[in-house]
Amino acid sequence: MSGGPAVRVSIESQCERQVQEVSLDGLETYVPLLSMSQNLAKLAQWMDFDQSSDSEQDGPERESREPWSKPEPEEDEGAVKFQPSLWPWDSVRNNLRGALTEMCVLHDVLSVLKEKKYMALDPVSQDPSTPQVFQLISKKKSLATAAQLLLKGAEKLNKSLAENQEQRRQRDFNSELLRLRSQWKLRKVGDKILGDLSYRSAGSLFPHHGTFEVIKNTDLDLDKKVPDDYCPLSVQIPSDLEGSAYIKVSIQKQSPDIGDLGTVSLFRRQPKAKPGKTWHVKLEAAQNVLLCKEIFAQLSREAVQIKSQIPHIVVKNQIISQPFPGLQLSISLCHSTGEKRSQGASPEKSKPDDHLYVLEHNLHQLIREFHKQTLSSVVMPHPASAPFGHKRLRLAGPMAYDKAEISSLQQSEGLLEKIIKQAKHIFLRSRSIQLQLNIGVEQIRVVHRDGRVITLSHQEQELQDFLLSQMSQHQVHAVQQLAKVMGWHVLSFSNHVGLGPIESIGNASAITVTSPNGEYTISVRNGPESGCKVLVQFPRSQAKELPKSDVLQDARWTHLRGPYKEVHWSRMEGRNFVYKMELLMAALTPCP
């Protein structure tokens, strides 16, 4: 082999990579190969840049070592190294190296300035006598440029703010419309949103359409502050439903002239409406006006159709009825739109408010019951004949109602008849009420008809004793009123009698009345505890048990009254005290 030709052998690094991890199933994970930049960084870590390469002592050793070999550790690392300059041109070499570095930096800066992309040269003025006008012009241009930028930014901000406000207003309108839809019936007709104010869904048969329109409120100025009562939507209601209305019900004892009836004195002063009313207030007021008009229309219809002994009168917006002779029931529709009256109209005289709010409330309740009956009376259509099945279906033909029975079922009291009956009841009750009880927390105040006020404690016995005393006085007052009706004369009357037995509860009352011709006298004494005692005094001529007197021989003395005789009150006929007293007075009244 020594005599053979030389063979070149190339030595290369091992191609196999190091194994990083071996998993449990035997799969080997290798360490990835380094890239060129990573390999360069690895080699650079082995180089020692701190040690000088121009030392003469280290020169032979450095030539024999590889450039990437690590330096040997020194024996004494804590000792301070000091190597004097052994080469005479060392300082010159260092200065040349610093100059070369600065020239390289200058070259790089000039290269960047040449492109004028990242840096630019600006000459420095060395003359201090430069006029200030040019400085002011340059500053003005700079400020104008900055102001233009600020104006553009402000314009963009205002535009964005306006868009945000418009979007927020649109969202507010949608949310308000959702609230309106949750409370009122709405429908969309074309590009309009319409609502319903009527009570048709509740059973009303009033022909008024009651339609209102929902309008988006666009009167808001975006530059000004949004008011507190701003609403993004408004409603437009019919002109005949604007304002406020109510049904006035009053009872009067004197009927005015029919020619004086009208709408002049029917309106009461309404409070001024606020200009920024919200939609729910306007809709509720308009629906109330519609309901009042429906009530008055129903009453007017019944007033014309009902046949009574005293016909009902319908004049403009007022209905006149007479529940009793000399008594007048007035039902009026008062509708105020808030418009100013003409200046030539005479001012109204202040009159006491005789409006009966109870009857007005009852009218609203009755019309709602009428709506409910209308809904319950609606029957779905059924076939005229059906196959034999259920027993009720088989008996439907033979057991059906005839015309008379159906008409009797349909007969019911109307709205006007019911309210007239209630007015009669209120009038009769007001005539028999002598006192009023105001029940408080710890005491009871009693107000008499004449204005006297009595305060009672919380004890039940006090109230019971007081009512018994009032009952005894009431019977004596009834005798007084009955005497005026029967034509008898009142001789004496007292609520507090000082004679006779003393009452443990209150005082006894007494009255003495005489017949129209003066022959008979009735004396009544009534006490809360002793009860009622009635005495009748007859003429002396009718007293048979009286002995004849020798002194009174003249016939004229026979016209004097005799002694009193007690009446067995429990044996008298009659349902109550007044009926019994009326029979007694009628029996003692001489025939004309």
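Parameters and conventions
Residues numbered from 1 in each chain as written. Predicted model: local features only at pLDDT ≥ 70, side-chain atom pairs only at ≥ 80, totals over all residues. Heavy atoms only, no water. UniProt positions renumbered as here; feature names shortened; annotations may be inferred. Helix = DSSP H or I, 4+ residues; strand = E, 2+ residues; numbered from the N terminus. Buried < 20%, exposed > 50% of the residue type's maximum accessible area, 1.4 Å probe, protein only. Salt bridge = Lys/Arg side-chain N within 4 Å of Asp/Glu carboxyl O. Core = buried A, V, L, I, M, F, W, Y, C linked by side-chain atoms within 4.5 Å. Patch = residues over 30% accessible without salt bridge, like charges linked within 9 Å, V, L, I, M, F, W, Y side chains within 5 Å. Areas by Shrake-Rupley, 256 points an atom, 1.4 Å probe, with all protein chains shown as cover.

- By the naming in an unreviewed UniProt entry, the chain is Mediator of RNA polymerase II transcription subunit 17, taken from Cyprinus carpio.
- The annotation that UniProt attaches to the chain under Sequence similarities (unreviewed entry) is "Belongs to the Mediator complex subunit 17 family."
- Quoted straight from UniProt, the Subunit (unreviewed entry) entry for the chain says "Component of the Mediator complex."

Section: unusual backbone geometry
And then number 1: Even without glycine at this site, Lys116 takes up a positive phi of about 55 degrees.
And then number 2: Note that Lys116 resides in the loop between α3 (90-115) and α4 (132-183).
And then number 3: Of the residues examined, Lys116 reaches a relative accessible area of 70% and is grouped as exposed.
And then number 4: Of note in the backbone geometry, Lys316 takes a positive phi value of approximately 55 degrees without being a glycine.
And then number 5: Relative to the helices and strands, Lys316 resides in the loop between β8 (313-315) and β9 (318-321).
And then number 6: On the accessibility criterion, Lys316 (64% relative accessible area) is exposed.

Overview of the pattern of salt bridges
And then number 1: Using the criterion set out here, one finds four salt bridges in the structure.
And then number 2: Residues Arg179 and Glu176 are paired through a salt bridge, measuring 3.4 Å at the closest nitrogen-oxygen approach. Residue Arg179 and its partner Glu176 are located together in helix α4, separated by three residues, close to a single helical turn.
And then number 3: The salt bridge involving Arg200 is made with Asp196; its shortest N-O contact spans 3.5 Å.
And then number 4: The buried category is assigned to Asp196, whose relative accessible area is 14%.

Description of the nonpolar core
And then number 1: Core analysis: the biggest nonpolar cluster contains 43 residues, and Leu197, Ile247, Leu283 and Ile331 have the highest contact counts within it.
And then number 2: Listing elements by their share of this core, those giving two or more residues are α4, β5 (211-216), β6 (233-236), β7 (244-252), α5 (279-305), β10 (328-336), α6 (357-377) and α9 (415-432).
And then number 3: If you tally residues by element for this core, the top one is α5, at eleven residues.
And then number 4: Judged by nonpolar contacts, the second largest core, of 19 residues, contains Val476, Val536, Met581 and Leu584.

Describing a nonpolar patch on the surface
And then number 1: A cluster of nonpolar side chains, contributed by Val105, Val109, Tyr118 and Met119, occupies part of the molecular surface with about 390 Å² of accessible area.
And then number 2: Here Met119 lies in the loop between α3 and α4.

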